[in-house]
Amino acid sequence: MTRGPGPLPAAPSPPPGPPAPGPVSAALSFKDFKGKDPIWCPGCGDFGVLTAMQKAAANLELDPNRTVLATGIGCSGNITAYFRTFGIHGIHGRVLPLATGVKAANPSLTVLAAGGDGDGFGIGLGHFLHACRRNVDITYLVMDNQVYGLTKGQTSPTTPTDMHTKASPLGPLATPLNPLALALSAGATFVAQGYSGNQKELVDLIERGVRHKGFSFINVQSPCVTYNLVNTYDWFKQNVQAATHDPSDWDAAMAVANDKGRVPTGLLFQADRPTFHDMSHPLPADPGAVEPIAAAGDPAKALAASRKRFDGWLDEFRAR
Ligand code: SF4
């Protein structure tokens, strides 16, 4: 299996709406989703997230050629190179606009997004809230380690008030954000929290998130063993607690998200709501059109297909 626009299998004509993730013909194992060897610090929680994503992708029988992972900047953003599908390593905080654009352009793809707490809840916070309310059908994993690891341990939007780091000796001088409560408030239809030390639960959450029709937010507690010496694996062992409430109950989910006495894990909330695609009155599929991704092996064909699609949108727009 090759990464990138190598020889691609013939793609079926895109159906009118986003289908469930498409199975590939031959069974894949998580090894088929292995890319380059990670250069994270030994023991970094992001290893657990990567393995869980690879296992979930294999269990879901995702086709690597029809799966796209968009990532932001930070240690975790490097995961694009380690997870063997198509991928875009974007700029700081813009992972969700990227992923949204990919899904809007080709709803038949399985689109994943990943990044860190600094990327997603700092510079990318506005995008996070709007992705929740738009209910774009993508799965967003945040590797939350409460610190900016790539830039030597500055405090991040989720750093506890009383935590000090070498780079931020006075601490964050601010109240930490609560990503789970924010997602619930903004209208997310799938809100979950995993822990990179609990593979079984995390694999299950990712599978459920990808199957969910709409925006799936999975915050993953992913220890930074180099710069966060407070929220360690030992600390999580004492503080992680599986949620047991009914995930269709928004008030109960909000109560769990706001419980400062524990780190809840599991599915906090799930609801059905029309997706961005459902609400955006898509154009009827042109049966004669070449799908741009399928034509990517031939740049001239890809350009012509994109041009044809764009012209179709313009005609539709002018006719309104
Ligand atoms: Fe992981 Fe922290 Fe090392 Fe970055 S600095 S790779 S987050 S352990």
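Everything numeric in this text was worked out from a predicted model, so none of it was measured.

A.B. asks: Looking at this structure, how should I read the overall build of the protein chain?
C.D. replies: Helices and strands together make up the secondary structure of the protein chain, namely 11 helices and 10 strands. When the 320 residues of the protein chain are sorted by exposure, 47% land in the buried category. A separation of at least 24 residues holds for 70% of the contacts in the protein chain among residues at least 6 apart in sequence. Carbon and sulfur atoms form 59% of the exposed surface of the protein chain, whose accessible area is close to 15000 Å².

A.B. asks: Help me understand the nonpolar core, please; the structure alone is not making it clear to me.
C.D. replies: In a soluble, globular protein the nonpolar side chains are often hidden away together inside. If you look at the biggest cluster of nonpolar residues, it comprises 33 residues, and the most contacted ones within it are Leu96, Phe128, Tyr140, Val191, Phe215 and Phe217. Mapped onto this core, the elements with two or more residues apiece are strand 1 (67-71), helix 3 (95-105), strand 3 (110-116), helix 5 (125-134), strand 4 (139-144), helix 6 (179-185), helix 9 (250-257) and strand 10 (263-270).

A.B. asks: What's the story with helix 3 in this structure? I'm lost.
C.D. replies: Quick reminder: α-helices carry 3.6 residues per turn. Residues three or four places apart thus point the same way. Val95, Leu96, Ala99, Thr100, Val102 and Lys103 are the residues of helix 3 that are buried. Buried positions in helix 3, seen along its axis, are confined to an arc of 160° and lie on one side of it. Buried residues in helix 3 make contact with strand 1, strand 2 (86-89), strand 3, helix 4 (117-123), helix 5 and strand 4.

A.B. asks: Mind showing me how you'd approach the site of the ligand here?
C.D. replies: Near the ligand, the surroundings consist of Trp40, Cys41, Cys44, Cys75, Asn145, Gly149, Cys224, Val225, Thr226 and Tyr227. By residue class, the composition of the shell around the ligand is seven nonpolar, three polar and no charged.

A.B. asks: Please clarify how the pattern of salt bridges should be interpreted in this entry.
C.D. replies: Between side chains of opposite charge, a pair can form as their charged atoms come close. All told, the structure shown has six salt bridges when counted by the stated rule. Between aspartate 204 and arginine 208 there is a salt bridge, with the nearest N and O atoms lying 3.1 Å from each other. Here aspartate 204 pairs with arginine 208, and both are found in helix 7 (residues 199-211), just four residues apart, close to one helical turn. The salt bridge partner of arginine 318 is aspartate 315, with a shortest N-O separation of 3.6 Å.

A.B. asks: How do you make sense of the environment of arginine 208 when you look at a structure like this?
C.D. replies: The exposure class assigned to arginine 208 is partly exposed, which follows from its relative accessible area of 33%. Each C-alpha atom, one on arginine 208 and one on leucine 60, is 9.6 Å from the other, the two residues being 148 residues apart in sequence.

A.B. asks: Would you explain the side chain of glutamate 207 in this entry?
C.D. replies: For glutamate 207, the location among the structural elements is in helix 7. For glutamate 207, a relative accessible area of 12% corresponds to the buried category.

A.B. asks: Honestly, the environment of valine 263 in this entry has me stumped. Any pointers?
C.D. replies: In this structure, valine 263 sits in strand 10. For valine 263, a relative accessible area of 10% puts it in the buried group. Between the C-alpha atom of valine 263 and that of glutamine 238, which follows or precedes it by 25 residues, the distance is 9.4 Å.

A.B. asks: Before we go on, may I ask you to explain the packing of aromatic side chains in this structure?
C.D. replies: Working definition: an aromatic ring pair is given by the centre-to-centre distance plus the angle between the planes. Taken as a whole and judged by the stated rule, the model has 12 aromatic pairs. Counting every residue linked through ring pairs, the aromatic cluster contains Phe121, Phe128, Tyr140, Phe215 and Phe217.

A.B. asks: Explanation requested: unusual backbone geometry in the structure shown.
C.D. replies: As a rule of thumb, non-glycine residues mostly have phi less than zero, and peptide bonds are mostly trans rather than cis. A positive phi is found at glutamate 61, a non-glycine position, where the angle reads about 55°. Assignment of secondary structure puts glutamate 61 in the loop between helix 1 (46-59) and strand 1. Overall, the relative accessible area of 37% leaves glutamate 61 in the partly exposed class. Notably, lysine 152 is not glycine yet its phi reads approximately 75°, a positive angle.

A.B. asks: Please clarify how the sheet that holds strand 7 (residues 190-195) should be interpreted in this entry.
C.D. replies: Spatial strand order, 2-1-3-4-8-7-10-9: eight strands in an open sheet with mixed pairing. In this open sheet, the two strands that pair with only one neighbour each are strand 2 and strand 9 (240-242). On average, adjacent strands in this sheet sit at an angle of 20° to one another, irrespective of strand direction. As defined by bridge partners, strand 4 adjoins strand 8 (residues 216-221) across six bridges and the pair is classed as parallel. Looking across to strand 8, one finds that leucine 141 is bridged to isoleucine 218.

A.B. asks: Any chance you could explain the pairing of strand 8 here in plain terms?
C.D. replies: A regular strand carries its side chains on alternate faces of the sheet. Of all six residues in strand 8, six are buried, a share of seventy percent or more. Neither face of strand 8 is exposed, since Ser216, Ile218 and Val220 on one face and Phe217, Asn219 and Gln221 on the opposite face are all buried. Crossover strand 7 to strand 8 through helix 7 is right-handed.

A.B. asks: Explain the packing of helix 1 against helix 7 here, please?
C.D. replies: Between two packed helices, what matters for the description is the angle formed by their axes and the separation of those axes. Contact pair helix 1 / helix 7: the axes reach a minimum separation of 8 Å and the direction vectors enclose 50°. Comparing their axes, helix 7 and helix 1 come out oblique. Seen from above, helix 1 lies across helix 7 with right-handed handedness. Each of Gly48, Val49, Thr51, Ala52, Met53, Lys55, Ala56 and Asn59 in helix 1 lies in contact with helix 7, whose residues at this interface are Gln199, Leu202, Val203, Ile206 and Glu207. Class assignment of the residues belonging to the contact of helix 1 with helix 7 gives a composition of seven nonpolar, four polar and two charged.

Rules and cut-offs
Per-chain numbering applies: the sequence of each chain, read as written, is numbered from 1 onward. Local features in this predicted model are restricted to residues of pLDDT 70 or higher, and side-chain atom pairs are both shown and tallied only at a pLDDT of 80 or more, whereas totals for entire chains, interfaces and linings draw on every residue. The basis for every side-chain value is the complete set of non-hydrogen atoms in the structure, without hydrogens or water. Here a strand is any run of E in DSSP of at least two residues, a helix any run of H or I of at least four, and the numbering for each starts at the N terminus. For the exposure calls, accessible area comes from a 1.4 Å probe over protein chains only, and a residue counts as buried if that area is under 20% of its type's maximum, exposed if over 50%, partly exposed in between. Note on contacts: a residue pair qualifies if any of its non-hydrogen atoms lie within 4.5 Å across the two residues. The accessible surface values rely on the Shrake-Rupley method and a 1.4 Å probe; as for residues, cover is taken only from the protein chains in view. In plain words, nonpolar cores are sets of buried Ala, Val, Leu, Ile, Met, Phe, Trp, Tyr and Cys residues tied together by side-chain atoms within 4.5 Å. Throughout, the arc means that of the directions going from the helix axis to the C-beta atoms. For each residue, the test is whether any non-hydrogen atom lies within 4 Å of the molecule or strand; if one does, the residue is near. Lys, Arg, Asp and Glu make up the charged group, whereas Ala, Val, Leu, Ile, Met, Phe, Trp, Tyr, Cys and Pro make up the nonpolar group; the residues left over, Gly among them, are polar. In the sections that follow, a salt bridge refers to a side-chain nitrogen of Lys or Arg positioned within 4 Å of a carboxyl oxygen of Asp or Glu. For Phe, Tyr and Trp, where Trp contributes only its six-membered ring, two rings pair if their centres lie within 6.5 Å, and the inter-plane angle classes them as stacked under 30 degrees, edge-to-face over 60, or tilted in between. What makes two strands pair is DSSP finding at least two bridges between them. Every axis corresponds to a line fitted to the C-alpha atoms, with the helix fit spanning only the stretch in contact, and the corresponding angles, defined between N-to-C directions, vary from 0 to 180 degrees. With the strands aimed away from the viewer, a crossover counts as right-handed if its path from the first strand over the helix to the second runs clockwise. Convention used here: angles under 35 degrees read as roughly parallel, angles over 145 as roughly antiparallel, angles from 65 to 115 as roughly perpendicular, and any remaining angle as oblique. Crossing handedness: left-handed means the near helix sits turned counterclockwise from the far one by under a right angle, and right-handed means the same turn made clockwise.

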